[in-house]
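Chain by chain, the residues:
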Amino acid sequence: MFIENKWAQQIQVFVEKVKKFFMNDGKSIELSDDANSCIRMTFAGQYSAGKSSIIKMLTGRSDISVGAGITTQKVLRYDWDGIEVIDTPGIHTKLRPDHDAVSYQAIVSADLLVYVITNELFDAYIAEQFRKLAIEADRASEMVLVVNKMDRTANGNSREQQMVIRDDLRKVLAPYTPEQFNLVFLDAESYLDGKDENDPELAKE
């Protein structure tokens with residue numbers, strides 16, 4: 001039960017951060033097209049970081065394809081309680097260089113950008129692109145940074161492991177600190193596997 005509750009708490013933290021973002025009086029949201037547009041929450045990041053899995057976990061939709069490799073070939077849009085959730089192809093996919101342009105177009109029109117990386121964090125290219133968005137384009141306050149696949153780390157999604165990753169993130173996030181960022185740690189694949197498992201004990205594990 002403890003492990004099952006841990007994943008549920010991680011999801012709730014993520015949802016609450018998204019809700020808090022829109023309710024925070026210190027932030028101003030400008031809709032992308034016109035006054036009747038819904039809020040656009042765009043998921044971006046490196047390919048195979050688990051963007052689609054997180055969207056499936058968050059929305060509860062069963063029609064979202066997930067798996068190893070590149071599963072999102074084009075921009076996909078889903079409605080989630082009146083929010084338009086946008087799934088983009090991964091950035092810097094050597095197999096599909098056209099994905100970068102498609103992804104950046106969706107990123108530019110986002111009201112809230114959910115940037116997904118794995119426990120392995122940034123390579124040089126992704127770090128450069130992230131800094132352009134967060135710092136040069138001044139979009140850090142409109143971003144949620146998600147570190148996914150935490151189950152692959154030495155100590156899992158523990159507080160100790162999160163502190164190690166926070167320290168590693170400092171050089172990329174500067175002049176911001178991890179404490180100033182909307183930062184979430186989770187493992188979407190483990191959650192989805194647990195939801196699909198018929199054996200209650202295996203589901204917890």
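Look up: the structure comes first, before these words.
Residues numbered from 1 in each chain as written. Predicted model: local features only at pLDDT ≥ 70, side-chain atom pairs only at ≥ 80, totals over all residues. Heavy atoms only, no water.

**Thoughts on the overall build of the chain**
When you go through the chain residue by residue, the secondary structure sums to 7 helices and 6 strands. Helices and strands appear in the chain in the N-to-C order α-β-α-β-β-α-β-α-β-α-β-α-α. Sequence separation of 24 or more characterises 67% of the internal contacts of the chain that already satisfy a separation of 6 or more. When the accessible area of the chain is evaluated, it comes to approximately 10900 Å², of which 48% is carbon and sulfur surface. (Helix = DSSP H or I, 4+ residues; strand = E, 2+ residues; numbered from the N terminus. Contact = heavy atoms within 4.5 Å. Areas by Shrake-Rupley, 256 points an atom, 1.4 Å probe, with all protein chains shown as cover.)

**Regarding the nonpolar core**
In this structure, Tyr115, Phe122, Phe130, Leu145, Val147 and Leu169 are the most contacted members of the largest nonpolar core, which totals 24 residues. For this core, the element with the highest residue contribution is helix α4 (residues 124-136), accounting for 5 residues. In this structure valine 147 touches Ile117, Thr118, Asn119, Leu121, Ile165, Leu169, Leu183, Val184, Phe185 and Leu186, once residues within four positions along its chain are discounted. Residues Leu58, Ile64, Val116 and Leu186 belong to the second largest nonpolar core, which totals 21 residues. (Core = buried A, V, L, I, M, F, W, Y, C linked by side-chain atoms within 4.5 Å. Buried < 20%, exposed > 50% of the residue type's maximum accessible area, 1.4 Å probe, protein only.)

**Things to note about helix α2 (residues 51-59)**
Burial runs high along α2: 8 of the 9 residues are buried. Within α2, burial applies to Lys51, Ser52, Ser53, Ile54, Ile55, Met57, Leu58 and Thr59. Looking at the residues trailing α2, positive phi occurs at glycine 60, about 80°.

**Let's talk about the sheet that holds strand β5 (residues 143-148)**
Strand order in the open sheet formed by 6 strands is β2-β3-β1-β4-β5-β6, with mixed pairing between adjacent strands. The sheet is open, and its two edges are formed by β2 (76-80) and β6 (183-185), each paired on a single side. Here the strands of the sheet are splayed against their neighbours by 25° on average, with no regard to which way each runs. Pairing between strand β1 (residues 40-45) and strand β3 (residues 83-87): 4 bridges, direction parallel. Bridge pairing links phenylalanine 43 to aspartate 87 in β3. Seen against the sheet, α2 touches β1, β2, β3, β4 (112-118) and β5 and runs at an angle of roughly 145° to β1. (Pairing = 2+ DSSP bridges. Axes fitted to C-alpha atoms, helices over the stretch in contact; angles between N-to-C directions.)

**Notes on the packing of aromatic side chains**
Following the criterion strictly, the structure yields 4 aromatic pairs and no others. Ring geometry for phenylalanine 122 and phenylalanine 130: centres 5.0 Å apart, planes at 50°, overall tilted. No difference in accessibility class separates phenylalanine 122 from phenylalanine 130, as the two residues are buried. (Phe/Tyr/Trp six-rings, centres within 6.5 Å; stacked < 30°, edge-to-face > 60°.)

**A word on the environment of glutamate 142**
Assignment of secondary structure puts glutamate 142 in the loop between α4 and β5. The spacing of glutamate 142 and valine 114 is 28 residues in sequence and 8.6 Å in space, taken between C-alpha atoms.

**Some remarks on the environment of valine 114**
Mapping valine 114 onto the fold places it in strand β4. The buried category is assigned to valine 114, whose relative accessible area is 0%. As a C-alpha pair, valine 114 and isoleucine 86 span 28 residues in sequence and 9.7 Å in three-dimensional space.

**Let's talk about the packing of α2 against helix α6 (residues 188-196)**
Packed helix pairs are characterised by how far apart their axes lie and by the angle those axes make with each other. Viewed as axis vectors pointing N to C, α2 and α6 meet at an angle of 50°, and their least axial separation amounts to 9 Å. Taken as axis vectors, α2 and α6 run oblique relative to one another. Judged by the sense of rotation from one axis to the other, the crossing of α2 with α6 is left-handed. Touching Ser53, Ile54, Lys56 and Met57 of α2 are Ala188, Tyr191 and Leu192, all from α6. (Parallel < 35°, antiparallel > 145°, perpendicular 65-115°, else oblique. Left-handed = near helix turned anticlockwise from the far one by under 90°.)

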